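Read off the chains here:
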Amino acid sequence: MQPSSPVRTRIAPSPTGEPHIGNMYVALVNWAFARRSGGQFLVRIEDTDRARFVAGAEAMVLEAMRWLGLDYDEGPDKGGPVGPYRQSERLEVYREHIERLMAGGHAYRCFCTAERLKELRQKQGGEVTGYDRLCRALGADESARRAAGGEPHTVRLAVPQEGKTRFEDGLRGPIEIENRLVDDQVLLKSDGYPTYHLAVVVDDHLMGITHVIRAEEWIVSTPKHILLYEALGWTPPKFYHLSLIRNPDRSKLSKRRNPTNVLWYREEGFLPEAVTNYLGMLGHSMPDGRETFTLEEFRREFSWARVGTTAPVFDLEKFEWLNGVWIRRLGAEELAARLKAGGFVPAGFPEARLAGAVRLTQERMRRLKEFADLSAFFAARLPYEAALLVPDKKGKPLKTAAEVRAVLEHLKIMLAGLSDWRAIAMEEAGRKLAEELGWKPGDLFTPLRVAVTCRRVSTPLFETMEVLGRQECLVRLDEAIEKAKTLA
């Protein structure tokens, strides 16, 4: 018995590899439409392609959806009134419907070997290609006798050879195709497993799916599905085919050109809020045109009227920018917690310096993974070349080695004598010293920055020194003074 709901959508991934970001885009739209409509969202695992089955892939898909916050009402790990939710556990259901289709003359057994089919494909050309319907002419008795004798066979859809098949796409309008161009598609493979075409129709109907929302690559298969609905006496759901996400050169998004594994983005330190935000803006526009929005805001504002049919372009640089925006939206305490939870804080990082390091690196991060490098000098003293201590312009030294050694000594004395170790006090004292020594502040702060951070480019100098503390900074200045003695 089908559950009643105004809207029931589903995502039906195949466990054949890593969870693809394009599939999560489709999942997001299915989720948003169902939630916006007060309906239900299901997960069904389409695991009938046993040759491509990858152990653990199902778990990764469900993990990715949980990480992104795409909660679902029914699924293989939750159960529900129309389960099972793995197609490999529904084989008897498909066999029942195959028998029904064959009894009604809508399907037939095909005994053609793989070798014959390969030879047929090699010979064909022109507008009409596909199976030549050789076995469709077999009598019912002969077909049953050969099957009973154990002869390997598939079961094919008996596509009407006249007329047209039409359906309405919710995004693209009416679509029709001449039946002569529709192949007698295999519905049941010789191993007893259904193909996608049979299973998707049977499952969508029995699970009460009201709206099939999937990628545009399935448009060409939809006439076959419509014919199956008609053959089984069922009313088809509404169809919406989303444009495929493309690379900047308009090629199909693939891992050869861009990372496509959703969990790779988690490992790199993309926030789930940024991932759903970016996917949401690829094919859908917000009514006020804003580019930054929460998952809840996307759900609330979702409308088919604002879903485009132009293929959205996946731009990793813009994605990183957006992730940086979301990183900066977090409070420092929340960001520190996420860095810890994601394993982005290096082992042994001084806890006393973590909050300050997070606060000072937050503006520079576009991925959480960058924290380790941006904050490395907070955790330990790093190796560097003595020449970095010498301020220069376009590679030309602005001060002599003797002047750098002397100014480091002055800096140590000045800093050691400060009673106020706040950034504002240190900077004020530093500028005063520069004036006394006749140095430009920027030139004076170069050897100090390198001494303290071991780098020419770092987080704000005096805020960094405040986090490191007086003792650590003076020790690092001592080391810099010794290093400066090696300068020629």
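None of the values given here were measured: they were computed from a predicted structure.

Asks: Would you mind showing me how to read the overall build of the protein chain here?
Replies: Across its full length, the protein chain holds 20 helices and 11 strands. The globule rule puts the C-alpha radius of gyration for 488 residues at 23 Å, and the 32 Å found for the protein chain is more than 25% above it. By principal-axis analysis of the C-alpha atoms, the protein chain measures approximately 105 × 50 × 35 Å. Within the protein chain, contacts between residues separated by at least 24 positions form 75% of all contacts whose residues are at least 6 apart in sequence. If the 71 positive side-chain charges of the protein chain are averaged to one point and the 68 negative ones to another, these points end up 2 Å apart.

Asks: Explain the pairing of strand β6 (residues 173-178) to me, please; I cannot follow it from the model alone.
Replies: By the bridge criterion, 6 bridges tie strand β5 (residues 164-169) to β6 in an arrangement that is antiparallel. Note that in β6 the partner of Glu 168 across the bridge is Pro 174. Counting the residues between successive antiparallel strands, the hairpin from β5 to β6 contains 3 residues.

Asks: How should the packing of aromatic side chains be read in this particular structure?
Replies: Here a ring pair, both rings aromatic, is described through the centre-centre distance and the interplanar angle of the planes. Enumeration over the complete set of coordinates arrives at 21 aromatic pairs. Ring geometry for Tyr 265 and Phe 314: centres 6.4 Å apart, planes at 65°, overall edge-to-face. Placement of the pair is Tyr 265 in helix α8 (residues 262-268) and Phe 314 in the loop between α10 (295-301) and α11 (316-329), with a sequence separation of 49 residues. Note on Tyr 265: relative accessible area 0%, which makes it buried.

Asks: What is the right way to read the side chain of Thr 260 from this model?
Replies: If you trace the backbone, Thr 260 turns up in the loop between β9 (238-242) and α8. According to the relative accessible area criterion, Thr 260 is buried, its value standing at 6%. With residues near it in sequence (within four places) discarded, Thr 260 still touches Pro 19, His 20, Ile 21, Leu 253, Ser 254 and Lys 255.

Asks: What exactly am I supposed to notice about the pattern of salt bridges here?
Replies: Opposite charge on two side chains permits pairing when their charged atoms draw close. In total, this model carries 49 salt bridges according to the counting rule given. Of the charged contacts in the structure, one is a salt bridge between Asp 71 and Arg 35, with a shortest N-O distance of 3.1 Å. Of this pair, Asp 71 sits in the loop between α2 (57-68) and α3 (91-103) while Arg 35 sits in helix α1 (residues 21-36); the two residues are 36 residues apart in sequence, bridging distant segments of the chain. Residue Arg 35 is classed as buried on the basis of its relative accessible area of 18%. A salt bridge links Lys 485 to Glu 482; the shortest N-O distance between them is 3.0 Å. For Glu 482, a relative accessible area of 48% puts it in the partly exposed group.

Asks: Any chance you could explain the nonpolar core here in plain terms?
Replies: One recurring pattern in soluble globular proteins is that nonpolar side chains are buried together. By size, the foremost hydrophobic cluster in this structure holds 109 residues, and its most contacted members are Met 65, Trp 304, Leu 408, Leu 415 and Met 465. With 11 residues, α1 is the largest single contributor of residues to this core. Beyond its immediate stretch of four places on either side in the chain, Leu 415 contacts Trp 421, Met 426, Leu 448, Met 465, Arg 470, Leu 474 and Leu 477.

Asks: How should the packing of helix α12 (residues 332-341) against helix α13 (residues 351-361) be read in this particular structure?
Replies: Relative orientation and spacing of two packed helices are given, respectively, by the angle between their axes and the distance between those axes. Where α12 contacts α13, the two axes come as close as 9 Å, and the packing angle between them is 115°. For the crossing formed where α12 meets α13, the hand is right-handed. Taking contact as the criterion, the partners of Ala 332, Leu 335, Ala 336, Leu 339 and Lys 340 in α12 are, on α13, Glu 351, Leu 354 and Val 358. Of the residues that constitute the contact of α12 with α13, the class distribution is 6 nonpolar, no polar and 2 charged.

Asks: Looking at this structure, how should I read the environment of Glu 301?
Replies: Mapped onto the secondary structure, Glu 301 falls in helix α10. Overall, Glu 301 belongs to the partly exposed group, its relative accessible area being 24%. Along the primary structure Glu 301 and Val 212 are separated by 89 residues, whereas in three dimensions their C-alpha atoms are 20 Å apart. Discounting residues that sit within four places of it in the chain, Glu 301 has contacts with His 284, Met 286, Pro 287 and Arg 306.

Asks: Please explain the pairing of strand β8 (residues 211-215) as it appears in this structure.
Replies: β8 sits mainly inside the fold: 5 of its 5 residues count as buried. Strand direction decides the pairing type here: β8 and β9, joined by 5 bridges, are parallel. In the strand pairing of β9, His 211 is matched with Lys 238. For the segment spanning β8, helix α7 (residues 222-231) and β9, crossover handedness is right-handed.

Asks: So what exactly am I meant to see when it comes to unusual backbone geometry here?
Replies: Across the chain, the bulk of peptide bonds are trans and the bulk of non-glycine residues have phi less than zero. In this chain, Gly 83 is followed by Pro 84 through a cis amide linkage whose omega measures 0°. As for its placement among the helices and strands, Pro 84 is situated in the loop between α2 and α3. Phi is positive for Arg 133, which is not a glycine, with a value near 65°. Along the chain, the position of Arg 133 falls in the loop between α4 (114-123) and α5 (140-148). Positive phi, normally seen in glycine, also occurs at Cys 454, with a value near 70°.

Rules and cut-offs
- Residues numbered from 1 in each chain as written.
- Predicted model: local features only at pLDDT ≥ 70, side-chain atom pairs only at ≥ 80, totals over all residues.
- Heavy atoms only, no water.
- Helix = DSSP H or I, 4+ residues; strand = E, 2+ residues; numbered from the N terminus.
- Rg over C-alpha atoms; globule rule 2.2 N^0.38 Å.
- Contact = heavy atoms within 4.5 Å.
- Lys, Arg positive; Asp, Glu negative; His and termini not counted.
- Charge placed at Lys NZ, Arg CZ, Asp CG, Glu CD.
- Pairing = 2+ DSSP bridges.
- Phe/Tyr/Trp six-rings, centres within 6.5 Å; stacked < 30°, edge-to-face > 60°.
- Buried < 20%, exposed > 50% of the residue type's maximum accessible area, 1.4 Å probe, protein only.
- Salt bridge = Lys/Arg side-chain N within 4 Å of Asp/Glu carboxyl O.
- Core = buried A, V, L, I, M, F, W, Y, C linked by side-chain atoms within 4.5 Å.
- Axes fitted to C-alpha atoms, helices over the stretch in contact; angles between N-to-C directions.
- Left-handed = near helix turned anticlockwise from the far one by under 90°.
- Nonpolar A, V, L, I, M, F, W, Y, C, P; charged D, E, K, R; others polar.
- Right-handed = clockwise from strand over helix to strand, strands pointing away.

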